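What follows is each chain in one-letter form.
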Amino acid sequence: MSAGENVALLQKFREHWVRPALFFGNNPISLAGGAITTASGVTMVGYWLVELFGRPNDNPYLGIIFFLLLPALFIGGLALIPIGVFIRRKKLQLAGQIPVEFPKIDLNDRMFRHGLDIVLVATIVNLLVVAMASYRGAAYMDSPEFCGQSCHVMHPEFAAYKISAHSHVDCVACHIGTGAASYFAAKVNGTKQLLEVTFDRYPTPIESPVKNLRPARYICEGCHTPARFVGEKLLVKSNFADDEKNTQTQTVVVLHLGGQDSLSHLTGIHGVHLGHIEYVATDPTRTTIPWVQKQNADGTVTEFKSSTLKGDGAPAGERRVLDCIDCHNRAAHTFMTAEDALNRAMADGAVSPELPWIHKEGLELLKTAYASQDEARAKIPEQLTAFYRGSNPEVLAAKASVVKAAGDELVTIYSQNVFPAMKVTWGTHPNHIGHMSYPGCFRCHDGDHNAKDGKSITQDCAACHNLLAVDEPKPKVLSDLGIQ
Ligand code: HEC
Ligand code: HEC
Ligand code: HEC
Ligand code: HEC
Ligand code: HEC
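Small disclaimer: the values here were computed from a predicted structure and weren't measured. (Residues numbered from 1 in each chain as written. Chains lettered and ligands numbered in written order. Predicted model: local features only at pLDDT ≥ 70, side-chain atom pairs only at ≥ 80, totals over all residues. Heavy atoms only, no water.)

### Quick look at the coordination of the iron atom of ligand 5
Which entries qualify depends on this criterion: Here a donor is any nitrogen, oxygen or sulfur atom (N, O, S) within 2.8 Å of the metal, with 3.2 Å used for Na, K and Ca; water is not among the atoms considered, so some sites may look incomplete. To sort residues, take the accessible area from a 1.4 Å probe on protein chains only and compare it with the maximum for the residue type: under 20% means buried, over 50% means exposed, and anything in between is partly exposed.
Those protein atoms acting as donors to the iron atom of ligand 5 are His-435 (NE2) and His-465 (NE2), and they sit at 1.9 to 2.0 Å. The class for His-435 is partly exposed, based on a relative accessible area of 28%. We classify His-465 as buried; its relative accessible area is 13%.

This is how it looks when you write it as structure tokens:
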């Protein structure tokens, strides 16, 4: 293209586009659009600068404004500009008032030249702002604050997540797959949930298990090597009795976690289930499992059936390959039982075992039904103080601050596990990892899942663990190990 042609092209562009655009753009809608865009753009950029140099944003509602609402206004304003142009053009056309010649653009006119520069610069800045805003908006929507905090429906899961080993793993790392397709699916699903929340149509509690969670090999195994050999794991649990002295006992268990050892043998709890095991659950919570099938090393399969199951083959129901989540179903959201939570707090000393009757009384207060977390926050400390005032006024006089600390800790336990607004209470979300509070391992290992040859999925205590002490006051094994 010659220089002459270039100039002609520029001239043409000016004649046919720039001049009409400037002429039609001079209307209230386009001008308002420009103003909205400028105002929201300046606010956003200002906020990003503050965020860059100042405090991080920890208020989820601020996030909604700055990462979602303002970008929407910004783009809305931009859209108003051509809409205004279009309407003005239509109007003038109908009235037959479109000029044959649009007002001249004279590049020798300094005012006009600067005007054009401003439009050019504004366009580039706008593009940058839109790019940045979409990036920030998308990143924000992936943050735990957006998923868990700004949406009150998720409060139970968020509260449990915050105190889990995974509190620094983003929700999306587990809940959303990689790639554009799953990102899109997640956003569609999220929009559906947003509508459900807006119109108050969401289920309480949120349904569990999560049906569309990806298989664990894509989630958990991104961070955890499945065959890592863990060997034996020591578990020490404290129990406090419901007597005046809150008598403490301890249980010491060595779990045979195993894994894949250096000779590639799959052993122990992890190793055995890493082989291929499938099961059918006949209830929505995956608690009733009448049929299990194991693939043996030689390629044959062994079917284990519960005695309640009649007929041949697998029953109707949800069929799954057993993976991490079938045991670690509460990996990021462990809701404890009231007993476990209080025992743990008392072992820590957060609820002092020195207070007479605190185990019995604390458990009762935790298990009382309150209308809301706010009510629990007010009533639990009040009732605890009232209890000591009535039965042990000397304790209240001597240890008022210990009683207060115990009351506060009970409130914390309650607010991490019970959410009346979402109908989440003690036991709503069973944990499959053991067998004491919920069926867990015993969904299959109940001694009633038999193969054709009469062998059953073991319920032998020693296959899973050595019980070194069960509810002993001062287990000798702990002092031998130098624990305590
Ligand atoms: C380490 C992985 C992981 C992380 C991180 C994680 N989740 Fe989950 N989430 C799970 C698993 C596993 C389940 C239960 C799946 C099942 O039982 O089918 C679950 C279940 C849920 C449920 C369904 C209701 C329930 O309690 O079972 C919700 C809602 C939820 N998660 C929200 C969140 C939010 C919000 C975040 C971030 C604040 C988050 N999750 C972070 C793994 C994770
Ligand atoms: C993004 C990485 C990441 C992903 C994904 C992840 N984890 Fe973890 N997980 C961790 C880290 C890091 C720790 C150690 C945290 C600590 O010890 O404080 C951990 C700890 C654990 C623990 C032991 C701590 C405990 O809770 O007692 C278990 C069990 C566990 N993860 C299971 C899972 C399961 C099951 C999944 C899949 C649903 C999963 N993890 C997904 C990073 C991850
Ligand atoms: C058959 C049930 C079962 C399956 C399946 C299972 N686990 Fe575990 N896992 C356990 C038990 C039981 C423990 C010990 C529980 C405890 O610490 O209280 C454990 C402990 C762990 C720990 C903590 C280990 C440590 O060093 O403290 C991690 C991490 C873990 N599992 C990850 C996984 C991952 C990842 C998968 C999937 C590849 C998986 N588990 C599959 C039962 C299972
Ligand atoms: C969905 C059913 C299912 C669940 C749930 C399950 N298992 Fe298993 N488990 C099996 C099957 C099947 C076998 C293989 C049985 C066989 O070969 O005789 C097995 C074998 C084992 C073995 C090896 C037993 C032996 O004789 O050497 C251990 C240990 C074990 N499981 C521990 C656990 C623990 C701990 C849990 C809970 C955290 C658990 N299992 C949950 C199905 C299950
Ligand atoms: C299929 C494996 C399996 C079998 C069989 C099994 N257990 Fe367990 N048991 C577990 C696991 C896993 C835990 C650890 C749970 C946890 O991490 O909190 C456990 C924990 C325990 C605890 C301590 C739990 C607590 O909260 O205080 C006791 C006590 C116990 N088992 C007793 C038994 C007895 C008795 C038998 C034999 C009748 C038995 N178990 C059979 C897997 C098994």
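### Focus on the sheet that holds strand S4 (residues 277–281)
What links the strands of a sheet is backbone hydrogen bonding, and the strands pair in either a parallel or an antiparallel sense. How we decide: Each pair of strands is called paired provided DSSP finds at least two bridges between the two strands. Under the scheme used here, helices are H or I runs from DSSP no shorter than 4 residues and strands are E runs no shorter than 2 residues, and both carry numbers assigned from the N terminus.
Taken together, five strands build an open sheet; the order of strands is S7-S4-S5-S6-S8 and the sheet is antiparallel. Strands at the two margins of the open sheet, each flanked by one partner only, are strand S7 (318–321) and strand S8 (449–450). As judged from the two bridges shared by strand S6 (residues 301–306) and S8, these two strands associate in the antiparallel manner. Its bridge partner lying in S8, Lys-305 is registered against Asn-450.

### Looking at the site of ligand 3
Basically, it comes down to this: We call a residue near a molecule or strand as soon as one heavy atom of that residue lies within 4 Å of the molecule or strand. For this analysis, a polar contact is any N or O atom pair within 3.5 Å, provided that within protein one partner can donate a hydrogen and the other can accept it, and provided that sequence-adjacent residues contribute only side-chain to side-chain pairs. As a working rule, the residues Ala, Val, Leu, Ile, Met, Phe, Trp, Tyr, Cys and Pro are called nonpolar, Asp, Glu, Lys and Arg charged, and the rest polar, with Gly in that last group.
If you check the shell around ligand 3, you find 18 residues, and the closest are Lys-233, His-270, Cys-324, Cys-327 and His-328. Arg-228 is positioned with one of its side-chain polar atoms (N or O) 3.3 Å from an oxygen atom of ligand 3. Side-chain polar atom of His-328 to a nitrogen atom of ligand 3: 2.8 Å apart, as the coordinates give it. Of all the secondary-structure elements, those providing two or more residues to the shell around ligand 3 are strand S1 (231–240), strand S2 (248–260), helix H9 (268–274) and helix H10 (324–327). Among the elements that take part in the shell around ligand 3, H9 stands out by supplying three residues, more than any other. Tallied by class, the residues present in the shell around ligand 3 amount to 10 nonpolar, four polar and four charged.

### A word on the side chain of His-333
What counts here: Note on contacts: a residue pair is in contact if any heavy atoms of the two residues lie within 4.5 Å.
Positionally, His-333 belongs in the loop between H10 and helix H11 (338–348). For His-333, the side chain forms a polar contact with the main-chain oxygen of Glu-157, separated by 3.1 Å. Here His-333 is in contact with Glu-157, Ala-160, Tyr-161 and His-175, once residues within four sequence places are set aside.

### Considering the packing of helix H12 (residues 358–367) against helix H13 (residues 373–391)
Filter applied, for reference: Interaxial angles span 0 to 180 degrees and are taken between N-to-C directions of axes, which are lines fitted to C-alpha atoms, for helices over the stretch in contact. A clockwise turn of the near helix away from the far one marks a right-handed crossing, whereas an anticlockwise turn of less than a right angle marks a left-handed crossing.
Across the interface, H12 lies against H13 with an axial gap of 10 Å and an inter-helix angle of 145 degrees. Relative to H13, the crossing made by H12 is right-handed. In this structure, H12 uses Ile-358, Glu-361 and Leu-365 to contact H13, whose residues at the interface are Ile-380, Gln-383, Leu-384, Phe-387 and Tyr-388.

### Re the coordination of the iron atom of ligand 4
The criterion, for reference: Between 85 and 135 degrees for all angles marks four donors as tetrahedral; over 155 degrees for opposite donors together with 65 to 115 for all other angles marks four donors as square planar and six as octahedral; every other arrangement is irregular.
Distances from the iron atom of ligand 4 to its protein donors, namely His-273 (NE2) and His-445 (NE2), fall within the range 2.0 Å. Note that the iron atom of ligand 4 binds six donor atoms; their angles at the metal cover 85 to 179 degrees, and the shape is octahedral. Note that His-273 is positioned in helix H9 and His-445 in the loop between helix H15 (400–417) and S8, a separation of 172 residues in sequence. By relative accessible area, His-273 is classed as partly exposed at 22%. According to the relative accessible area criterion, His-445 is buried, its value standing at 16%.

### Structural notes on helix H2 (residues 28–53)
Under the convention used in this document: How far a helix is expected to stretch is found by multiplying one less than its residue total by 1.5 Å.
Counted at 1.5 Å a residue, the expected span for H2 with its 26 residues is 38 Å, and the 37 Å between its end C-alpha atoms agrees. Three or more residues of H2 are buried, namely Ser-30, Gly-33, Thr-37, Ser-40, Gly-41, Met-44, Tyr-47 and Trp-48.

### Observations concerning the packing of H11 against H15
For any two helices packed against each other, the geometry is given by the interaxial angle and the distance between the axes. Contact pair H11 / H15: the axes reach a minimum separation of 11 Å and the direction vectors enclose 140 degrees. Between H11 and H15 lies a crossing of right-handed hand. Judged by residue contacts, Ala-341, Leu-342 and Ala-345 of H11 engage Glu-409, Leu-410 and Ile-413 from H15. Looking at the contact of H11 with H15 residue by residue, the classes come out as five nonpolar, no polar and one charged.

### As for H15
Between its terminal C-alpha atoms H15 stretches 26 Å, which fits the 26 Å expected from 18 residues at 1.5 Å a residue. By the burial criterion, the buried members of H15 are Val-403, Ala-406, Gly-407, Leu-410, Val-411, Ile-413, Tyr-414, Ser-415 and Asn-417. On its buried face, H15 is in contact with helix H6 (155–162), H11, H12, H13 and helix H14 (393–398).

### Side note on unusual backbone geometry
Here the bond from Thr-204 into Pro-205 is cis, since omega is -10 degrees, no more than 30 degrees from zero. Relative to the assigned elements, Pro-205 resides in the loop between helix H8 (180–198) and S1. Positive phi, normally seen in glycine, also occurs at Arg-286, with a value near 60 degrees. By the secondary structure assignment, Arg-286 is in the loop between S4 and strand S5 (291–295). The exposure class of Arg-286 is buried, given its relative accessible area of 7%. The phi dihedral of Lys-423 is positive, around 55 degrees, even though this residue is not glycine. Among the secondary structure elements, Lys-423 is positioned in the loop between H15 and S8. Residue classification places Lys-423 among the exposed positions, given a relative accessible area of 56%.

### Thoughts on the environment of Lys-404
By the secondary structure assignment, Lys-404 is in helix H15. Relative accessible area serves as the criterion here: at 54%, Lys-404 is assigned to the exposed category. Along the primary structure Lys-404 and Pro-381 are separated by 23 residues, whereas in three dimensions their C-alpha atoms are 6.9 Å apart. Within the structure, Lys-404 has its side chain in polar contact with the side chain of Asp-408 (distance 2.8 Å).

### A word on the site of ligand 1
Basically, it comes down to this: For every domain, the bounds stem from an assignment made automatically or drawn from a database.
In the vicinity of ligand 1 lie 24 residues, with Glu-157, Cys-171, Cys-174, His-175 and His-333 positioned nearest. Glu-157 places a polar side-chain atom, nitrogen or oxygen, 2.5 Å from an oxygen atom of ligand 1. Within the side chain of Ser-208, one N or O atom sits 2.6 Å away from an oxygen atom of ligand 1. Of all elements in the fold, only helix H5 (144–149), H6 and helix H7 (171–175) reach the threshold of two or more residues within the shell around ligand 1. Residue classes in the shell around ligand 1 are distributed as 12 nonpolar, seven polar and five charged. When residues of the shell around ligand 1 are assigned to domains, at least three map to each of domain 2 (153–202) and domain 3 (231–332 + 435–481).

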